[in-house]
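Next come the chains, spelled out residue by residue.
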Amino acid sequence: MLEATPKELVERKALRVNPAKTCQPIGAMYAALGIHGCLPHSHGSQGCCSYHRSHLTRHYRDPIMAATSSFTEGSSVFGGGANLRNAFKTIYQLYDPDVIAINTTCLSETIGDDLPTIIRESRESGIIPEGKVVIHANTPSYVGTHITGWSNMTKAIVTYLADKTETPPETPYINFIPGYVEPADTRHLKEFLAQLGVNAVVFPDTSDVVDTPQTGSFEMYPYGGTPVEDLHRTGNAQTTIALGPDASRAAAKELETKCNVPYQLLDLPIGVAATDRLVQTLIETTGITPPASLKRDRGRLVDIMTDMQQYLYNKRVAVSGDPDQVVPMTEFLVSCGAKPVYVITGTSSKYFKQRCAEILQNVVPEAVIKDDTDLFYLHQLIKNEPVDLLVSNVYGKYIARAEDLPFVRFGFPILDRVGHSYFPTLGYQGSIHLLCNILNTLLERKDRDDPDEVFELVL
Amino acid sequence: MTENYTPTSEQAAAQANETVMRSQSPVSPEQTTSTVEDIITAYPKKVAKKRAKHIVVRDGNEPTQEIQANARTTPGIITQRGCAFAGCKGVVVAPFGDCIHIVHGPVGCSYYSWLTRRNQFKPREEGQNFIHYCFTTDMNEHDIVFGGVGKLKTAIQEAYDTFHPKAITVHATCPVGLIGDDIQGAAKEMSDKLGISVMSFNCEGYKGVSQSAGHHIANNGIFKNWIGADQETEEIPGYTVNHEVRRTSC
């Protein structure tokens, strides 16, 4: 397995090997699924749409629906305007979505298709029926990563749909942007906000869209997703709390620019400290008092951290993933006594570099922190000085097998296991689940490796 | 003797299959026709006209009946079809696990075609194995604006220096065709420089009606550049491509 990977590190200028990122449109498509009654539309070759749909379907194990402009050689020369107008006609007659969220691709971006004009003209000529919402995000695949795509589509939701009305709402509420997370996380965060008594518009919300129940009949537009009326309301909110700066900053900023809604950016609430910061921010912005049940949840997380700290203490960990996930994961591992020695991401991110350096500079000064890199590089680091645990998305399993490492699947995508879309990893409760997963993986390995005389019943 | 005959489970299954195949369809031809009509009338008029040629009810009295399958997808239809790149790199070329396949384009195309078509590749003894790797030039905005040939050549050189493969293939993605990167020229230049086969495929995603265009591009590329090109005289055991070619040409 991966025998061709040399130990010796060589600087590469042009060749990316085993990427730790993918392209913008898939993130945009995922964000669009967080709008109720929305059909994502990929403006480019049909292969892009098929790849994104199949990848999302494999990760969520739910049918992901999206349409495409199906570009040909002709559209590549003459532009994709005619394709998009045809697509509108076909989509409205066949699938009749309330919302179409268009993402571009490297092909349509290189051609330079002017989407706002095509959409405006289609509306004027009646191709887009009255009352139907069409939004778009520019998501050139050659800029940024899937996180950028998610960020751009979430921003587009605000640009197109957020309204500020003269009369303030009777009951104040906040906006809550959960970040590029699993449907289970968004569902859990909504419960978490309800537990605290916070009134919020949560968007984009992919729960009950990509984790739908089996009912025996196919629902083209499932129950979930943030309703458009709620998206209009975001302009009148008291404040915006945005989780995961790389994914959610753009939308929060747009709400401030467009509707004067102030915002706060927070790390994803993975672990005690990050969740504490979220709770503290909610207390300060909405004036709520945390209920006793929340304190007990927190206590349970602290309890398991202390009960099991000997198994994580001083463990060398390699973490790979998206910046918003890796930063709080690194903080959480440090708080459990582990040593994240290699922390990498495929996305280019100042946030990632700064926050990881802050978290690690005193506890793991030797840590390698690198953004805009790949899994090949991480494997080379591990070959030079091994680790006790690898935390990564599914593509890490090849490194784990090659180096015989305990492996925790974390982040996007996970194509070979179940549960990631059902069990949250955010908040106090989600962190308990995440920590159990990490601990059990290490204990499993201990049981496998321990000789008979130290093979223990009680661990 | 026949009354003592007990068929094996395979024979029983084959018999059951045969029975089903020969039995009359529980759906009447009228029902089929009306269902197909329902499907086709759901489309906008112009689209319906095209779709009527794609979904055809078989009529035994019509010897010239044909399904028009090799046609473009109507924009807006939720299609399962992929692109020429997916057919070329993803389907046909990727299972050649002992050479390096570089995707020249933004990162996504290489990512989605990574490890999804392994065909259980197993290297020969002492053979190289790159089946679990993903290689791309990961083009950025600068490369799209100023051209990516230089980056591609550097990537081929870096792949050669790090992995020493016996062959490298290069696969074009949509924007590469648009900006006009000469990948054929780059491949030839690097092939001459490195002394190994570097083959390129102009399998830009927008070509053809689906991934089938990519199968065509890949198979012809392999046929033209590799098949029969091997000067080895020693017989290699197993079902190798060149082995088969030698046998048929004898």
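J.: What's the story with the overall build of chain B in this structure? I'm lost.
T.: A count of helices and strands for chain B gives 11 helices and four strands. Its C-alpha radius of gyration of 24 Å places chain B more than 25% over the 18 Å reference for a compact globule of 250 residues. Principal-axis analysis of the C-alpha atoms gives chain B an extent of 65 × 60 × 30 Å. Taking all 250 residues of chain B together, the buried fraction comes to 36%.

J.: Can you walk me through the sheet that holds strand β3 (residues 67-68) of chain A in this structure?
T.: Within a beta sheet, neighbouring strands are joined by backbone hydrogen bonds and run either parallel or antiparallel to one another. All names here are of chain A. Across the sheet, which stays open at both edges, the four strands sit in the order β3-β2-β4-β5 with parallel pairing between neighbours. Taken across any chain shown, the strands that pair with only one partner, and hence form the sheet edges, are β3 and β5 (133-137). By the bridge criterion, six bridges tie strand β2 (residues 38-43) to strand β4 (residues 99-104) in an arrangement that is parallel. The partner of H43 across the bridge, within β4, is T104. Running over the sheet, helix α7 (residues 146-161) touches β4 and β5 and is turned about 140° from β5.

J.: How should I be thinking about the packing of helix α1 (residues 24-32) of chain A against helix α2 (residues 46-60) of chain A in this particular structure?
T.: In helix packing, the relevant descriptors are the interaxial angle and the interaxial distance, both defined with respect to the helix axes. Residues and elements named next belong to chain A. Two numbers describe how α1 lies on α2: the axes approach to 10 Å, and their chain directions differ by 60°. Relative to α2, the element α1 lies oblique. The way α1 lies across α2 gives a crossing that is right-handed. For the pair formed by α1 and α2, the contact residues are P25, I26, M29 and Y30 on the first element and C48, H52, H55 and L56 on the second.

J.: Would you take a moment to explain the sheet that holds strand β10 (residues 316-320) of chain A for this structure?
T.: Residue and element names in this part refer to chain A. Ordered in space as β12-β11-β10-β13-β14, the five strands form an open sheet in which the pairing is parallel. If you trace the sheet from one side to the other, it starts and ends with β12 (368-370) and β14 (407-409), each paired once. This sheet shows a mean twist of 20° between the axes of neighbouring strands, independent of strand direction. Alignment of β10 against strand β13 (residues 389-392), held across three bridges, turns out to be parallel. Its bridge partner being in β13, A318 is matched across the sheet by L390.

J.: Sorry if this is basic, but what is going on with the interface of chain A and chain B here?
T.: Frequently, the measure chosen for interface size is the accessible area that the parts lose on association. Listed as interface residues are 49 residues of chain A and, on the opposing side, 52 residues of chain B. For the side of chain A that touches chain B, the elements supplying multiple residues, two or more each, are β1 (16-17), α2, β3, α3 (73-78), α4 (81-94) and α5 (106-111) of chain A. Looking at the side of chain A that touches chain B, the element that brings in the most residues is α4 of chain A, giving nine residues. Split by residue class, the side of chain A that touches chain B holds 24 nonpolar, 18 polar and seven charged. Examined bridge by bridge, β1 of chain A and strand β2 (residues 135-136) of chain B share two bridges and lie antiparallel to one another. Looking across to β2 of chain B, one finds that V17 of chain A is bridged to F135 of chain B.

J.: Before we go on, may I ask you to explain the environment of T117 of chain A in this structure?
T.: Along the chain, T117 of chain A turns up in helix α6 (residues 115-124). It is 9.4 Å that separates the C-alpha atoms of T117 of chain A and G81 of chain A, two residues lying 36 residues apart in sequence.

J.: Can you help me understand the domain arrangement of chain A in this one?
T.: Residue and element names in this part refer to chain A. For chain A, the assigned domains read domain 1 (24-161), domain 2 (174-212 + 219-294) and domain 3 (301-453). Placing the centre of domain 2 and that of domain 3 at their C-alpha centroids yields a distance of 25 Å. Across the contact, 25 residues belong to domain 2 and 28 residues belong to domain 3. If you list the elements that add at least two residues to the side of domain 2 that touches domain 3, you get α8 (183-196), α10 (245-259) and α11 (272-286). When residues in the side of domain 2 that touches domain 3 are grouped by element, the largest group, six residues, is from α8. Within the side of domain 2 that touches domain 3, the residues separate by chemical class into 15 nonpolar, five polar and five charged.

J.: Mind showing me how you'd approach unusual backbone geometry here?
T.: Most peptide bonds adopt trans geometry, and most residues besides glycine take a negative phi value. Residues and elements named next belong to chain A. In this structure, P204 follows F203 across a cis peptide bond, with omega equal to -15°. Along the chain, P204 turns up in the loop between β7 (200-202) and α9 (228-233). Look at the link from F412 to P413: it is a cis peptide, with omega at -5°. Of note in this structure, D96 is not a glycine but carries a positive phi near 40°. Within the element layout of this structure, D96 appears in the loop between α4 and β4. C-beta crowding within 10 Å serves as the criterion here: with 13 such atoms nearby, D96 is assigned to the partly exposed category. We note that D372 has phi near 50°; this positive angle belongs to a residue other than glycine. Structurally, D372 is set in the loop between β12 and α16 (375-384). A tally of 17 C-beta atoms within 10 Å means that D372 is categorised as partly exposed.

Reading the values: rules and limits
- Residues numbered from 1 in each chain as written.
- Chains lettered and ligands numbered in written order.
- Predicted model: local features only at pLDDT ≥ 70, side-chain atom pairs only at ≥ 80, totals over all residues.
- Helix = DSSP H or I, 4+ residues; strand = E, 2+ residues; numbered from the N terminus.
- Rg over C-alpha atoms; globule rule 2.2 N^0.38 Å.
- Buried ≥ 20, exposed ≤ 12 C-beta atoms within 10 Å, placed from the backbone.
- Pairing = 2+ DSSP bridges.
- Contact = placed C-beta atoms within 7 Å.
- Axes fitted to C-alpha atoms, helices over the stretch in contact; angles between N-to-C directions.
- Parallel < 35°, antiparallel > 145°, perpendicular 65-115°, else oblique.
- Left-handed = near helix turned anticlockwise from the far one by under 90°.
- Nonpolar A, V, L, I, M, F, W, Y, C, P; charged D, E, K, R; others polar.
- Domains from an automatic or database assignment.

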